[in-house]
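Read off the chains here:
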Amino acid sequence: MSEKINRPVGEAGINRVVLAYSGGLDTSVILKWLQQTYGCEVVTFTADLGQGEELEPARQKAERAGVKPEHIFIDDLREEFVKDYVFPMMRGNALYEGLYLLGTSIARPLIAKRQIEIARMVGADAVSHGATGKGNDQVRFELGYYALAPDIKVIAPWREWDLTSRTRLIEFAEAHQIAVAKDKRGEAPFSTDANLLHTSSEGKVLEDPWQEVPDYVYSRTVNPEDAPDQPEYITIDFERGDGVALNGEACSPATLLTKLNELGRKHGIGRLDLVENRFVGMKSRGMYETPGGTIYHLAHRGIEQLTLDRGAAHLKDELAPRYAELIYNGFWFSPEREMLQAAIDHSQEKVAGTVRLKLYKGNVIVVGRKSPNSLYSEKVVTFEDDQGAYDQRDAAGFIKLNALRLRLLGRRDQ
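Residues numbered from 1 in each chain as written. Predicted model: local features only at pLDDT ≥ 70, side-chain atom pairs only at ≥ 80, totals over all residues. Heavy atoms only, no water.

Points about the overall build of the protein
In terms of regular secondary structure, the protein is built from 13 helices and 14 strands. The principal-axis extents of the C-alpha atoms in the protein amount to approximately 85 × 50 × 50 Å. Within the protein, the proportion of its 414 residues that are buried is 48%. Considering only residue pairs separated by 6 or more positions, the protein has 72% of its internal contacts joining residues 24 or more positions apart. Carbon and sulfur atoms provide 50% of the accessible area of the protein, an area that totals close to 20900 Å². With 52 positive and 61 negative side-chain charges, the protein shows a separation of 2 Å between the mean positions of the two kinds. (Helix = DSSP H or I, 4+ residues; strand = E, 2+ residues; numbered from the N terminus. Buried < 20%, exposed > 50% of the residue type's maximum accessible area, 1.4 Å probe, protein only. Contact = heavy atoms within 4.5 Å. Areas by Shrake-Rupley, 256 points an atom, 1.4 Å probe, with all protein chains shown as cover. Lys, Arg positive; Asp, Glu negative; His and termini not counted. Charge placed at Lys NZ, Arg CZ, Asp CG, Glu CD.)

Below is the structure:
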């Protein structure tokens, strides 16, 4: 780590800051505000996580704001995102509060890591983000920063400035010649966050949990009612717990997820309307679209049905809520998450084979699975003559031993 990151600094001592920058209204205002408030040089970092937006305009906006060309970083992180973050999480079957596939949560550690790497490269004193003081992302970003650079200075403008409304943001932008798109001038009906795994929407029209999500909020999936009337069958191949091929064609991690997203969009798969418990203490209502991730999650569980021993599978299911909570709360770089990851990854050594799925009007149905490492024995489980593979008389002693404590309790309590 550079000396500048290690040395203690006060607000007036910040010379250079790395900003997580999208080029949108909020982070464009933050860029100018940092320059004015801290009198520092700003380095911008824009991550391509598969959000589906053209990122070159972010470079142009940063240059117009006075950022040096060599201090504008736009990085394609799609493969790293899926291979090193999404796939490890999917090995754990992580679902926050039993439903949420953690699409936003899992992206934050990678953004934080890359910001710190850039801070070291350019000798920055601080990092900054555009997360508000009410949400989870501020926690996720900053826990990542501090885990990787314990002495880094963090600037969170939404916790410091007095620009407390969209009107104030626009006034600031206009006063400083920051372009404001026409669709940003009114109050946004909802806010979104997107990456290759999902799109999340929350706020405004979604804040009343009694009201159904309007159709115009959905951007990644067709309405299941309008999806094709004929089902589509696909196969996904797995090796060591990770997807490696779709319909027999080998795919990189990001390519596989991209193709599954296209299938999920077509069939209206992966919509979730959720009232969740934020780490900061409040409940919030969000709408999530995770088309490819939903297909992948169910396929992975399908191959585990054949290949995981009952004890390992049940222990894994017990650990999954805790593992998901660690990711949701921002503890990706914590020792406890890494300990759980080691156990999860060990469980995946024999998780290999092929799963066949049926996609139909918002549903994903596992209809077949096969594996060279299968623990399923048709010879043992058959209702026909098993030729002595399983002696049913053994069950009598098994039942009596398991019933012993229940019989003792029953006799006592009578």
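A look at the UniProt feature "domain: Arginosuccinate synthase-like N-terminal" (unreviewed entry) in the protein
In the numbering adopted here, UniProt assigns the feature "domain: Arginosuccinate synthase-like N-terminal" (unreviewed entry) to residues 16–178. From the first C-alpha to the last, residues 16–178 spans 21 Å; its make-up is 45% helix and 15% strand. (UniProt positions renumbered as here; feature names shortened; annotations may be inferred.)

Let's talk about the pairing of strand β14 (residues 363–370)
With 7 bridges joining them, strand β13 (residues 353–360) and β14 adopt antiparallel strand pairing. Looking across to β14, one finds that leucine 357 is bridged to valine 366. Adjacent in sequence and paired antiparallel, β13 and β14 are bridged by 2 residues, among which lysine 361 carries a positive phi angle near 45 degrees. (Pairing = 2+ DSSP bridges.)

Comments concerning the UniProt feature "binding site: L-citrulline" (unreviewed entry) in the protein
As annotated in UniProt, the feature "binding site: L-citrulline" (unreviewed entry) corresponds to Tyr100, Ser105, Asn136, Arg140, Ser191, Ser200, Glu276 and Tyr288 in the numbering used here. If you trace the backbone, serine 105 turns up in the loop between α4 (78–91) and α5 (108–122). Aside from chain neighbours lying at most four places away, what touches serine 105 is Tyr100, Arg140, Ile327 and Tyr328. Its location among the elements puts arginine 140 in helix α6 (residues 137–148). With near-sequence residues (within four places) excluded, arginine 140 lies in contact with Thr104, Ser105, Arg108, Ile327, Tyr328, Asn329 and Gly330.

Focus on unusual backbone geometry
What you tend to see is this: most non-glycine residues have negative phi, and most peptide bonds are trans. In this model, asparagine 247 sits at a positive phi of 50 degrees, which is unusual for a non-glycine residue. By relative accessible area, which is 47% here, asparagine 247 ends up partly exposed. A positive phi angle, near 45 degrees, is found at lysine 361, a position not held by glycine. Topologically, lysine 361 is positioned in the loop between β13 and β14.

So, helix α11 (residues 335–347)
Within an α-helix, residues lying three or four positions from one another point in the same direction, as the helix has 3.6 residues per turn. Between the first and last C-alpha of α11 there are 19 Å, a value that for 13 residues agrees with the 18 Å anticipated at 1.5 Å per step. Restricting attention to buried positions, one finds in α11 the residues Arg337, Leu340, Gln341, Ile344 and Ser347. The buried residues of α11 all sit within an arc of 115 degrees when viewed along its axis, so they share a single face. When the buried face of α11 is taken as reference, the exposed residues oriented beyond 90 degrees from it are Pro335, Met339 and His346. (Expected span 1.5 Å × (residues − 1). Arc of directions from axis to C-beta.)

Looking at the pairing of strand β2 (residues 41–48)
Along a regular strand, successive side chains alternate from one face of the sheet to the other. Burial runs high along β2: 7 of the 8 residues are buried. Handedness of the strand β1 (residues 16–20)-helix α2 (residues 25–38)-β2 crossover: right-handed. In terms of strand pairing, β2 meets strand β3 (residues 72–76) through 5 bridges, oriented parallel. The partner of alanine 47 across the bridge, within β3, is aspartate 75. Between β2 and its parallel partner β3, the chain crosses via helix α3 (residues 56–64), and the hand of that crossover is right-handed. (Right-handed = clockwise from strand over helix to strand, strands pointing away.)

Topic: a negative patch on the surface
On the surface, Glu212, Asp215, Glu225 and Asp226 cluster together into a negatively charged patch. Looking at the secondary structure, you find aspartate 226 in the loop between β7 (199–202) and β8 (232–239). (Patch = residues over 30% accessible without salt bridge, like charges linked within 9 Å, V, L, I, M, F, W, Y side chains within 5 Å. Salt bridge = Lys/Arg side-chain N within 4 Å of Asp/Glu carboxyl O.)

Side note on a nonpolar patch on the surface
A contiguous nonpolar surface patch, about 250 Å² in accessible area, is contributed by Tyr233, Ile365 and Val367. The topology assignment puts tyrosine 233 in strand β8. The class of tyrosine 233 is partly exposed, set by a relative accessible area of 46%.

Notes on the pattern of salt bridges
Between side chains of opposite charge, pairing is possible as soon as their charged atoms come close. What the rule picks out here adds up to 27 salt bridges. Between arginine 91 and aspartate 345 there is a salt bridge whose closest N-O contact spans 3.0 Å. With a gap of 254 residues between them, arginine 91 in helix α4 and aspartate 345 in helix α11 connect regions that are remote in the sequence. Connected via shared salt-bridge partners are Asp75, Glu80, Lys113, Arg114 and Glu117.

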